[in-house]
Amino acid sequence: MRKAVTVHMDTSMESAPVAHLVSLANQFRSRVYFEMDTKKVNAKSIMGMMSLVLLPGTIVTVDAEGDDEEKAVESIENFLSK
Amino acid sequence: MEMGADLSKIAKRLGLENFTPEIDLSKCVVKTADINRPALQLNGFYEHFEAGRIQLIGMVEWAYLDKKTPEERTEALRELVIHEVPCVIFCRSFRPSEASIALAREYGIPFLGTDRGTSGFMAELIYMLNYELAPTTSIHGVLVDVYGEGLLITGESGIGKSEAALELIRRGHRLVADDVVEIRKINDNTLIGTSPAVTKYLIELRGIGIIDVKSLFGVECVKDSQEIDFVIKLEDWHRETEYDRLGLKDEYMDILGNQVVCHSLPIRPGRNLAVICETAAVNHRQKKMGYNAAEELYRRVQINLKGEE
């Protein structure tokens, strides 16, 4: 399941929210990827997510694959939009 | 976003002299890795002319221009810059006249210079352009230089890629990138991997956190870029899956259209990953050098069979 999500949180570039995002992605069994420009990183890895520049307003494609993919995309979308 | 190579970066790395400093080179983008020596164009022949190429003035072009009157020379160069070429580079320390530099300014085409010979310079320029314009992708994995072989370790999150890399580093091998590997396709046989600037020299270890390999273990443990020679895919051990037992037939993984040898490696307690990776690396190297242990086994079996007959 793929979905384009706009980042809204204004602290998105700091490390603590990224760490939260990664631990959130780790709660699901599905593989979760973030796609931005030519980059595709594993949302379950802190280093990968840190290398993305998630500024407010940027659009990322959340790509989840597995039995709980819908729940994963939904919670990540909620997290990024708050 | 359109792909292009930043001219200011190229000029800086090749140490080019800028005859037109008024023009901002960082705004100039080169979109093709081909180069043109414009001898025919200076003579007025513009059929099949590719204006997107960098124009190199070497001995032939210079000698030809030298035979002309200053007016004819300016006209010939004007015809060239009118086609909006990305830039004109003068080799062998040739210096364009004030009139031609004024022309370059007028049309906003950078004129650059180098003291090097044309052919050697051209080879380096093409190589650099190919690198800058190469298709790129990023892959979730770890890239380590093991005995000079570029080993890309991939696999699910948490399967132990970083741990395997750390053990390899402690055994004297070098880390290129952990977690995100940025890959450039230089040509149909060559893939070069680097680390994104943010995570360079860093490894994430579950339970410990981020560690800086370069400052902890020293410069000998890291490397900035490395050609990717083969891939090891770490997997959970499945009883049903057939794993390669002989290594007679290679499996491949597609990266940017290039086929890279890929070994699927099942994880199981008691398997020392670092030693397996090292062995895979030397074995890969031995195969490149023309010896294949699996083929040798096959050959011996054949001899045995013949002996029985």
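Residues numbered from 1 in each chain as written. Chains lettered and ligands numbered in written order. Predicted model: local features only at pLDDT ≥ 70, side-chain atom pairs only at ≥ 80, totals over all residues. Heavy atoms only, no water.

A. Focus on the pattern of salt bridges. Under the criterion given, the structure shown has 29 salt bridges over all chains. The closest approach of N and O atoms between Glu 132 of chain B and Arg 13 of chain B, which form a salt bridge, is 2.5 Å. With Glu 132 of chain B in helix α6 (residues 118-132) and Arg 13 of chain B in helix α1 (residues 7-13), this pair connects stretches of sequence that are 119 residues apart. You can call Arg 13 of chain B partly exposed: its relative accessible area is 48%. Taking the shortest distance from any N to any O, the salt bridge between Lys 200 of chain B and Asp 224 of chain B comes out at 3.7 Å. Remark: Asp 224 of chain B occurs in the loop between α8 (213-217) and β16 (225-227) and Lys 200 of chain B occurs in the loop between β13 (190-194) and β14 (202-205); sequence separation between them is 24 residues. The partly exposed category is assigned to Lys 200 of chain B, whose relative accessible area is 32%. Each of Arg 2, Glu 35, Lys 40 and Asp 63 of chain A takes part in one network of salt bridges that share partners. (Salt bridge = Lys/Arg side-chain N within 4 Å of Asp/Glu carboxyl O. Helix = DSSP H or I, 4+ residues; strand = E, 2+ residues; numbered from the N terminus. Buried < 20%, exposed > 50% of the residue type's maximum accessible area, 1.4 Å probe, protein only.)

B. How the structure looks around the pairing of strand β18 (residues 252-255) of chain B. All names here are of chain B. In β18, alternate side chains face the same way, and those of Met 253 and Ile 255 are buried while those of Tyr 252 and Asp 254 on the opposite face are not. Direction of pairing for β18 relative to strand β19 (residues 258-267): antiparallel, over a ladder of 4 bridges. Bridging across to β19, Ile 255 finds its partner in Asn 258. (Pairing = 2+ DSSP bridges.)

Structural measurements only, silent on function.
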